[in-house]
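# Observations on chain architecture
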Amino acid sequence: MTYQNLLAVEENGIITLTINRPKALNALNQQTLKELKQFFGQDALAVEGLKGVVLTGAGPKSFVAGADISEFTGLDAQAGLEMAQHGQDIFFLIEEFKVPVVAAINGFALGGGCELAMACHLRVASEKARFGQPEVNLGIIPGYGGTQRLIQYLGKTKAIELLMTGDMIKAEEAYRLGLLNYVTPAGEEVAKAKELLEKIATKAPIAIQKVIECVNSHFSKGGFEKEVIEFANAVNTEDFKEGASAFLEKRAPNFKGH
Ligand SMILES: C/C=C/C(=O)SCCNC(=O)CCNC(=O)[C@H](O)C(C)(C)COP(=O)(O)OP(=O)(O)OC[C@H]1O[C@@H](n2cnc3c(N)ncnc32)[C@H](O)[C@@H]1OP(=O)(O)O
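Residues numbered from 1 in each chain as written. Predicted model: local features only at pLDDT ≥ 70, side-chain atom pairs only at ≥ 80, totals over all residues. Heavy atoms only, no water.

The name an unreviewed UniProt entry gives the protein is Enoyl-CoA hydratase/isomerase, with Saprospira grandis as the organism. Note on the protein: under the UniProt heading Sequence similarities (unreviewed entry), the record states "Belongs to the enoyl-CoA hydratase/isomerase family." (UniProt positions renumbered as here; feature names shortened; annotations may be inferred.)

### Some points on the confidence of the model for the protein
Chain-level pLDDT for the protein is 97 on average; 100% of the residues reach the 70-or-more range. For the protein, per-element mean pLDDT is lowest for helix H10 (residues 238-248), which scores 96, and highest for strand S5 (residues 101-105), which scores 99. Here the prediction assigns the complex a pTM of 0.98, and the interface score ipTM is 0.99. (pLDDT = per-residue confidence, 0-100. Helix = DSSP H or I, 4+ residues; strand = E, 2+ residues; numbered from the N terminus.)

### Considerations on the side chain of Glu135
Summarising the element assignment, Glu135 is placed in the loop between strand S8 (130-132) and helix H4 (146-154). Contact partners of Glu135, with chain neighbours within four places excluded, come to Gly111, Gly112, Glu115, Ile140, Ile141 and Pro142. (Contact = heavy atoms within 4.5 Å.)

### Points about the packing of aromatic side chains
Per the stated rule, a full pass over the model turns up six aromatic pairs. A ring pair is formed by Phe91 and Tyr144, whose centres lie 5.3 Å apart and whose planes are at 65 degrees; its orientation type is edge-to-face. Within this pair, whereas Phe91 is found in helix H2 (residues 77-95), its partner Tyr144 is found in the loop between S8 and H4, the two being separated by 53 residues in sequence. Here the aromatic cluster, defined as three or more aromatic residues joined through ring pairs, consists of Tyr3, Phe39, Phe40 and Phe97. We note Lys192 situated over the ring of Tyr182; from NZ or CZ to the ring centre the distance is 4.3 Å. The side chain of Lys221 reaches across the aromatic face of Phe92, ending 4.3 Å from its centre. (Phe/Tyr/Trp six-rings, centres within 6.5 Å; stacked < 30°, edge-to-face > 60°. Lys NZ or Arg CZ within 6 Å of the ring centre and 35° of its normal.)

### Observations regarding the site of the ligand
Around the ligand, the structure places 26 residues, and the nearest of them are Lys61, Ala67, Ile69, Gly112 and Lys250. In this structure, Gly112 approaches the ligand through a main-chain N or O atom, which is 2.9 Å from an oxygen atom. Here the ligand loses 70% of its free accessible area of 970 Å² to cover by the protein chains. Listing elements by their share of the shell around the ligand, those giving two or more residues are strand S6 (108-110) and helix H3 (112-119). Across the shell around the ligand, the residue classes break down as 16 nonpolar, four polar and six charged. (Near = heavy atom within 4 Å. Polar contact = N/O pair within 3.5 Å; in protein donor to acceptor, adjacent residues only side chain to side chain. Areas by Shrake-Rupley, 256 points an atom, 1.4 Å probe, with all protein chains shown as cover. Nonpolar A, V, L, I, M, F, W, Y, C, P; charged D, E, K, R; others polar.)

### Some thoughts on the sheet that holds S8
The four strands lie next to each other as S4-S6-S8-S9, forming an open sheet whose pairing is mixed. The sheet is open, and its two edges are formed by strand S4 (62-64) and strand S9 (169-170), each paired on a single side. Judged from the three bridges that link them, S6 and S8 form a sheet pairing that is parallel. Within S8, the residue paired with Leu110 across the bridge is Gly132. Packing of H3 onto the sheet brings it into contact with S4, S6 and S8, and relative to S4 it is tilted by some 75 degrees. (Pairing = 2+ DSSP bridges. Axes fitted to C-alpha atoms, helices over the stretch in contact; angles between N-to-C directions.)

### Quick look at the pairing of strand S7 (residues 122-126)
Residues in a regular strand point their side chains to alternate faces of the sheet. Most of S7 sits out of view: five of its five residues are buried. Residues of S7 alternate between two faces, with Leu122, Val124 and Ser126 on one and Arg123 and Ala125 on the opposite face, all of them buried. Taken together, the four bridges between S5 and S7 define a ladder with parallel strand orientation. Its bridge partner being in S7, Val102 is matched across the sheet by Leu122. As defined by bridge partners, S7 adjoins strand S10 (residues 182-184) across three bridges and the pair is classed as parallel. Bridge pairing in S10 places Ser126 opposite Thr184. (Buried < 20%, exposed > 50% of the residue type's maximum accessible area, 1.4 Å probe, protein only.)

### A closer look at the packing of H3 against H4
At their nearest, the axes of H3 and H4 sit 10 Å apart, and the two run at 55 degrees to each other. The angle between H3 and H4 places the two elements in the oblique class. In this structure, the crossing between H3 and H4 has a hand that is left-handed. Across the interface between the two elements, Glu115, Met118 and Ala119 from H3 touch Gly146, Arg149, Leu150 and Tyr153 from H4. Here the residues of the contact of H3 with H4 are counted per class, giving four nonpolar, one polar and two charged. (Parallel < 35°, antiparallel > 145°, perpendicular 65-115°, else oblique. Left-handed = near helix turned anticlockwise from the far one by under 90°.)

Next comes the structure, spelled out in structure tokens:
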């Protein structure tokens, strides 16, 4: 398994998959999404005796800092629709993957990064990790399932606050709110994720697969479809152009409400 932006290392039936664009804080560009699709939709399924996947980010600072904002230039409503649908489809591949996927969150998990972590079955974070859905700072909303999965984990009260303020929260608070399974000292998150996978691997594989299917089937997909449409509508605003430009120009945005 050779990729441009992913590193896949298999050891004792567990693949550690590292998103490897540390200079851009591992932001999800189209190439990285394509490779995630290739991995979860094809390559990993061909690995015999696979116990599970640990998903992490390269470097000391970031898990994934969201979708790659440098690819937002010139995005229109149709492209926004396709972008959100494509990302959601890939994240469903992860959520519906037949063996457990554990996010080992080593730093920033923002926007699409928080959404990626939430699509995994379990989440272990370093005490240094930070979480948030800051899309409103860019004039858009989450498009990779964030408006739905944040409610699933946190409940409506805190989810809607984080979605509307774009605030970042620390790992300890994310744990307290129910977003995380474990918080570890920095640098120990991958080992803890592997320990969890080893424990689950002692159980019956078919039973684990059925647990994944049944837990997923508890939740409706209706809100995800609405999110794709409203992401595209938000992309179609002047405020989005202003928000994305402001980030790239390293200045505060001046939103006008149209
Ligand atoms: C459907 C999904 C939608 C989305 O996901 S929208 C995106 C949501 N995510 C965000 O809005 C987060 C954007 N990033 C940030 O706010 C900040 O970064 C951090 C708070 C994560 C870190 O700040 P600091 O420590 O000051 O680092 P730095 O200088 O801002 O970032 C280092 C380099 O990484 C690039 N970068 C960071 N995040 C992204 C991104 N999401 N897309 C593209 N590039 C990104 C920067 O631009 C910069 O690059 P250079 O060194 O060349 O100036």
